[in-house]
Amino acid sequence: VTVGFFDQGLPSFVKDHYSKQPIFVEFVGAAGAGKSFIASKLCDELDRRRVRAMNLVEARIRKLDFHNYFIILHASLVALRIFPRSIVLHKKAIKRLAKLTIRRKTIASNTKVIVCDEGIFQIIRALFRNSRAASMIDVADRLKGFVEMPDIVVVVDASVDTVFARRTTRDRPGDIYDRNSVARDVSMVRET
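What counts, and at which threshold
Residues numbered from 1 in each chain as written. Predicted model: local features only at pLDDT ≥ 70, side-chain atom pairs only at ≥ 80, totals over all residues. Heavy atoms only, no water. Pairing = 2+ DSSP bridges. Helix = DSSP H or I, 4+ residues; strand = E, 2+ residues; numbered from the N terminus. Axes fitted to C-alpha atoms, helices over the stretch in contact; angles between N-to-C directions. Parallel < 35°, antiparallel > 145°, perpendicular 65-115°, else oblique. Left-handed = near helix turned anticlockwise from the far one by under 90°. Contact = heavy atoms within 4.5 Å. Nonpolar A, V, L, I, M, F, W, Y, C, P; charged D, E, K, R; others polar. pLDDT = per-residue confidence, 0-100. Phe/Tyr/Trp six-rings, centres within 6.5 Å; stacked < 30°, edge-to-face > 60°. Buried < 20%, exposed > 50% of the residue type's maximum accessible area, 1.4 Å probe, protein only. Lys NZ or Arg CZ within 6 Å of the ring centre and 35° of its normal. Patch = residues over 30% accessible without salt bridge, like charges linked within 9 Å, V, L, I, M, F, W, Y side chains within 5 Å. Areas by Shrake-Rupley, 256 points an atom, 1.4 Å probe, with all protein chains shown as cover. Salt bridge = Lys/Arg side-chain N within 4 Å of Asp/Glu carboxyl O.

Sorry, what's going on with the sheet that holds strand E3 (residues 113–116) here?
By definition, the strands of a sheet pair up through backbone hydrogen bonds, in either a parallel or an antiparallel sense. Taking strand neighbours across the sheet as the criterion, the four strands line up as E2-E3-E1-E4 in an open arrangement whose pairing is parallel. Two strands in the sheet have a free side with no partner beyond their single neighbour: strand E2 (53–55) and strand E4 (152–155). Strand-to-strand twist of the sheet, defined as the mean angle between neighbouring strand axes without regard to direction, takes the value 20°. Where strand E1 (residues 23–28) lies against E3, four bridges are found, and the strand directions are parallel. In the strand pairing of E3, Ile-23 is matched with Val-113.

Next comes the structure, spelled out in structure tokens:
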């Protein structure tokens, strides 16, 4: 799959894509499915092929930039339109939404491909779980105009056993899960 993606899919899309805006590639998958690993490999391969790529996680946020406060305020207003159930979870979603938008704005002008391993689809899922919205599509519709959807979405599918094993092995602080919660995450990604 990876070889086909590199050799047939993305490089030709980059070459044929006529725009001043960089191509936005987002990886979607359950935590532990391998999104970060594959995103990193994609950036390495594009750099090797002399296509300027950047992982959105590496984009630095300047906290003193006055414009960032307007983005945070706008993210708060947009997220309120989704009718949150919990204010605490709502604040986390606003923070992620604002960070994603701010990072997109800090990308260098010569960047051809932006790679994101946790982006708008994870935010849509998080907002949906904490909202009274009817569906994830409803949440996505309410975010239109504030965030740009990716040009290419790559779904990283992994079994419940694989995801559970990877999360157990990496043992990140604060990562609370069990086999049932992992199974829910995997099925929600498939539904997304």
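I tried to follow the packing of helix H3 (residues 66–80) against helix H4 (residues 87–105) on my own but got confused; where do I start?
If you want to describe how two helices pack, look at the angle between their axes and the distance between the axes. Two elements in contact, H3 and H4, have axes whose closest approach is 9 Å; the angle formed by their N-to-C orientations is 135°. For the element pair H3 / H4, the angle class is oblique. In this structure, H3 meets H4 at a crossing whose hand is right-handed. Contact residues: H3 offers His-67, Asn-68, Ile-71, Ile-72, Ala-75, Ser-76, Ala-79 and Leu-80, while H4 offers His-90, Ile-94, Leu-97, Ala-98, Thr-101, Ile-102 and Lys-105. A breakdown of the residues in the contact of H3 with H4 according to their chemical character gives nine nonpolar, five polar and one charged.

How do you make sense of the confidence of the model for the protein when you look at a structure like this?
As a note on interpretation, predicted positions should not be read in detail where pLDDT is low. The predicted model of the protein averages 81 in pLDDT, with 87% of residues at 70 or higher. The element-level mean pLDDT for the protein is lowest in helix H1 (residues 2–16), coming to 57, with helix H7 (residues 160–170) highest at 92.

Help me understand the packing of aromatic side chains in this model?
Aromatic ring pairs are described here by two measures, namely the spacing of the ring centres and the angle between the planes. Following the criterion strictly, the structure yields one aromatic pair and no others. With centroids separated by 5.7 Å and ring planes inclined at 75°, the aromatic side chains of Phe-164 and Tyr-177 adopt a geometry described as edge-to-face. Taken together, the positions of Phe-164 in helix H7 and Tyr-177 in the loop between H7 and helix H8 (179–191) put the pair 13 residues apart, joining distant regions of the chain. Judged by its relative accessible area of 23%, Tyr-177 falls in the partly exposed class. Directly above the ring of Phe-164 sits Arg-179, whose terminal nitrogen or CZ lies 4.3 Å from the centroid.

What is the right way to read a nonpolar patch on the surface from this model?
A surface patch of nonpolar side chains, about 450 Å² in accessible area, is lined by Phe-66, Tyr-69, Phe-70 and Ile-72. Mapped onto the fold, Phe-70 is located in helix H3.

Is there a simple way to explain unusual backbone geometry in this structure?
In most cases, non-glycine residues show a negative phi, while peptide bonds are predominantly trans. Phi is positive for Arg-50, which is not a glycine, with a value near 60°. Relative to the elements of secondary structure, Arg-50 occurs in the loop between helix H2 (35–48) and E2. One non-glycine residue with positive phi stands out, namely Asp-171, at about 45°. The residue Asp-171 is located in the loop between H7 and H8 in this model.

Would you take a moment to explain the pattern of salt bridges for this structure?
When the charged atoms of two side chains with opposite charge come close together, those side chains can pair. Evaluated as defined, the whole model comprises six salt bridges. The shortest N-O distance in the salt bridge between Asp-175 and Arg-167 comes to 2.4 Å. Judged by relative accessible area, Asp-175 falls into the partly exposed class, the value being 22%. Judged by relative accessible area, which is 6%, Arg-167 ranks as buried. Taking the shortest distance from any N to any O, the salt bridge between Asp-185 and Arg-167 comes out at 3.6 Å. Of this pair, Asp-185 sits in helix H8 while Arg-167 sits in helix H7; the two residues are 18 residues apart in sequence, bridging distant segments of the chain. Relative accessible area serves as the criterion here: at 22%, Asp-185 is assigned to the partly exposed category. Salt bridges sharing common partners tie together Glu-45, Arg-48 and Arg-49.

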